[in-house]
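Close look at the chain arrangement
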Amino acid sequence: MASEDVKSESAVSTIVNLAEEAKLAREGVRAPSYAVLSICKSLVAGGVAGGVSRTAVAPLERLKILLQVQNPHNIKYNGTIQGLKYIWRTEGFRGLFKGNGTNCARIVPNSAVKFFSYEQASKGILRLYQQKTGNEDAQLTPLLRLGAGACAGIIAMSATYPMDLVRGRLTVQTQNSPYRYRGIFHALSTVLREEGPRALYKGWLPSVIGVIPYVGLNFSVYESLKDFLIQTKPFGLVEDNELSVTTRLACGAAAGTVGQTVAYPLDVIRRRMQMVGWNNAASVVTGDGRNKAPLEYTGMIDAFRKTVRHEGFGALYKGLVPNSVKVVPSIAIAFVTYEVVKDILGVEIRISD
């Protein structure tokens, strides 16, 4: 339903733009394609925001994934500081950024599509909301923003999910693991050849379920906090209805904390399901190949059940600490970078105006 609304809004915008261009043409004025230019700038801003934010926290991202899939009987990474030191000692500086190239190759288009989809979904939902209430000055509520954010997250995640699966497998390879994949394209071709096209979407369902509260709450909390601060102007944080970069960073940090805490167990299950079917998964997960037992989950529920039964409920939050340390600056940097780049490119960023 949301996608139909977005398409309708896009069609209306296209018709309006064409009408304006026709009017200008009749007056002998050459009309630039403002809609296409705005879309391109929005995509560029989103892509830059994603690439910058993920690279800044790449070591913590890798450690989080290693903790999520680590075999409980062969502990190598025991905490954030110890884990980062261990990676540095055994794999060097490059080890801290292993998988980041794949992550950026995924996150740049993912972030671009996510931010652009959020803006388009927000516009469509706001237009419908204003028509329903009969109030042309009505603004998006936190619940409506959550819905727009959820739509954006699902669209972006689904479009780039195969890259996420490959990134996960590349990331968990260590210096003692039988190196299975040499790079992004080798990993993609190997998975397709040995496991089939469906394997590229292993763990997709918990990702979809998890992205609704995660991305939805990120956008909802961030935009709602901004509106609250602009309206109330507490402690002199707002000048001329504008928030400082520091204040926007704080809003982004709060949004990231709320979203990741709610959705984290689904992220753990998603990552474990992505390892299923990989011939050397057991060796990689256990670190040195001491346990050759196959990794098998029949589905999301089975993965939840086996994880809790064999490792306890706390296993659903493995890697939460480095993820918390990572996600707060990551989300904050992404939001601020996005807005700064759009300001530089000269694109209006507020959806609710």
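Residues numbered from 1 in each chain as written. Predicted model: local features only at pLDDT ≥ 70, side-chain atom pairs only at ≥ 80, totals over all residues. Heavy atoms only, no water.

- Per an unreviewed UniProt entry, the protein is named Mitochondrial adenine nucleotide transporter ADNT1, and its organism is Carya illinoinensis.
- Regarding the protein, the UniProt comment filed under Sequence similarities (unreviewed entry) reads as follows: "Belongs to the mitochondrial carrier (TC 2.A.29) family."
- Heading Subcellular location (unreviewed entry) of the UniProt record for the protein holds this comment: "Mitochondrion inner membrane". (UniProt positions renumbered as here; feature names shortened; annotations may be inferred.)

1. With respect to the packing of helix α5 (residues 100-133) against helix α8 (residues 204-232)
- Between α5 and α8, whose axes approach to 12 Å, the crossing angle comes to 60°. On the basis of the axis angle, α5 is oblique to α8. When you trace α5 past α8, the crossing you get is right-handed. Contact with α5, carried on its side by Lys-114, Phe-115 and Tyr-118, involves Val-215, Phe-219 and Glu-223 of α8 and no other residues of that element.
- Class assignment for the residues of the contact of α5 with α8 results in 4 nonpolar, no polar and 2 charged. (Axes fitted to C-alpha atoms, helices over the stretch in contact; angles between N-to-C directions. Helix = DSSP H or I, 4+ residues; strand = E, 2+ residues; numbered from the N terminus. Parallel < 35°, antiparallel > 145°, perpendicular 65-115°, else oblique. Left-handed = near helix turned anticlockwise from the far one by under 90°. Contact = heavy atoms within 4.5 Å. Nonpolar A, V, L, I, M, F, W, Y, C, P; charged D, E, K, R; others polar.)

2. Focus on the packing of aromatic side chains
- Summed over all chains, the structure comprises 6 aromatic pairs.
- Between Tyr-77 and Tyr-86 the ring centres are 5.4 Å apart and the planes differ by 90°, which places this aromatic pair in the edge-to-face class.
- On the accessibility criterion, Tyr-86 (15% relative accessible area) is buried.
- Residues Tyr-161 and Tyr-201 carry aromatic rings whose centres are separated by 5.7 Å and whose planes lie at 20° to one another, so their mutual orientation is stacked. Of this pair, Tyr-161 sits in helix α6 (residues 142-172) while Tyr-201 sits in the loop between α7 (184-195) and α8, placing them 40 residues apart in sequence.
- On the basis of relative accessible area, Tyr-161 is assigned to the buried category, the value being 0%.
- What links up through ring pairs into an aromatic cluster is the set Trp-88, Phe-93 and Phe-97. (Phe/Tyr/Trp six-rings, centres within 6.5 Å; stacked < 30°, edge-to-face > 60°. Buried < 20%, exposed > 50% of the residue type's maximum accessible area, 1.4 Å probe, protein only.)

3. Observations concerning the environment of Glu-136
- With respect to the helices, strands and loops of the structure, Glu-136 is situated in the loop between α5 and α6.
- Exposure remark for Glu-136: the relative accessible area of 69% places this residue in the exposed category.
- Residues Glu-136 and Leu-126, spaced 10 residues apart in sequence, show a C-alpha to C-alpha distance of 9.5 Å.

4. Looking at helix α3 (residues 58-69)
- In this model, α3 (12 residues) spans 17 Å end to end at C-alpha, consistent with the 16 Å of a helix rising 1.5 Å per residue.
- Taken across its 12 residues, α3 has 12 buried, putting it largely inside the fold.
- Within the span of α3, buried status applies to Ala-58, Pro-59, Leu-60, Glu-61, Arg-62, Leu-63, Lys-64, Ile-65, Leu-66, Leu-67, Gln-68 and Val-69. (Expected span 1.5 Å × (residues − 1).)

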